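Each chain, letter by letter, is given below.
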Amino acid sequence: MGYFESFIGVNFWTALFVLLNTLLIFFVAKKFLVVPVHKMITDRQKEIDDMYENAGKAEKEAGDMKKEYQQLLSDAQQTGERMVKEAAKRGAQREEEIVRKANEEAAQIITKAENDALLEKKKAINDAKDEISGIAMAIAEKVVLRELNEKDHQDLVDRFIDELGDNK
């Protein structure tokens, strides 16, 4: 058993050497492994946080841009509707103006036609009076059976026209 006891036995110097080796490995591992890994994890976490923050800002900007776009679209629709209404109003005004001018022109044409008709009527009456006076002269000559001089003839025609005008 001596051999087994020496194999399992604890030697102070060996235990101290093992402890110092363990501490040395711990400090070296901490300096060259834990600190860089922790720094890398911290940097990566900062990158991720920045990405989330940037994504949040981008999402907020996108929301703002969407609102602005919707406002612009709404304004454009309102402007379009207003322009259509104004065009319809101008069209109605133009239509009224055209109808008014057409009515004025029609009234002028009717007035001119009435005036022309009155002139033609007067001309026809004068022509009829002249023809009737000629016929009346011929009848008067036959009735009187004598020849009239120019002055008697003119007096007879004037009297006949006056009487014809009085009978109307």
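Definitions and limits used
- Residues numbered from 1 in each chain as written.
- Predicted model: local features only at pLDDT ≥ 70, side-chain atom pairs only at ≥ 80, totals over all residues.
- Heavy atoms only, no water.
- Helix = DSSP H or I, 4+ residues; strand = E, 2+ residues; numbered from the N terminus.
- Buried < 20%, exposed > 50% of the residue type's maximum accessible area, 1.4 Å probe, protein only.
- Areas by Shrake-Rupley, 256 points an atom, 1.4 Å probe, with all protein chains shown as cover.
- Phe/Tyr/Trp six-rings, centres within 6.5 Å; stacked < 30°, edge-to-face > 60°.
- Salt bridge = Lys/Arg side-chain N within 4 Å of Asp/Glu carboxyl O.
- pLDDT = per-residue confidence, 0-100.

Visitor: Explain the overall build of the protein chain to me, please; I cannot follow it from the model alone.
Guide: Counting its regular elements, the protein chain contains 3 helices and 0 strands. Beginning at the N terminus, the succession of helices and strands in the protein chain can be written as α-α-α. Across the 168 residues that make up the protein chain, the buried fraction comes to 3%. Put simply, the protein chain shows about 15400 Å² of open surface, and 62% of that area lies on carbon and sulfur atoms.

Visitor: How should the packing of aromatic side chains be read in this particular structure?
Guide: What describes a pair of aromatic rings is the distance from one ring centre to the other and the angle between the planes of the rings. Inspection of every chain in the model, using the stated rule, returns 2 aromatic pairs. Summarising the aromatic geometry, the rings of Phe12 and Trp13 are spaced 5.3 Å apart at their centres and angled 70 degrees between planes, so their arrangement reads as edge-to-face. Ring geometry for Phe26 against Phe27: centres 5.6 Å apart, planes inclined by 65 degrees, an arrangement best described as edge-to-face. Under the relative-accessibility criterion, Phe26 is labelled exposed at 51%.

Visitor: Just checking my understanding: could you explain the pattern of salt bridges for this structure?
Guide: Any two side chains of opposite charge can pair, on the condition that their charged atoms come close. This model, assessed by the stated rule, comprises 10 salt bridges. Across the pair Glu86 and Arg82 runs a salt bridge whose closest N-O atoms are separated by 3.8 Å. Of this pair, Glu86 and Arg82 both sit in helix α2 (residues 12-144), separated by 4 residues, roughly a single helical turn. A residue is classified by how much of its surface remains accessible, and Arg82, at 44% relative accessible area, is partly exposed. Arg94 is the salt-bridge partner of Glu97, the closest N and O atoms lying 3.3 Å from each other. Taken together, the residues span about one helical turn, with Glu97 and Arg94 both in helix α2 at a distance of 3 residues. With a relative accessible area of 44%, Arg94 lands in the partly exposed category. One salt-bridge network, in which partners are shared between bridges, spans Arg94, Glu97 and Lys101.

Visitor: Would you mind going over the confidence of the model for the protein chain with me for this structure?
Guide: Parts of the prediction with low pLDDT should not have their coordinates interpreted in detail. Here the protein chain averages 85 in pLDDT, while 86% of its residues score no lower than 70. When mean pLDDT is compared element by element in the protein chain, α2 scores highest at 89, while helix α1 (residues 2-8) scores lowest at 62.

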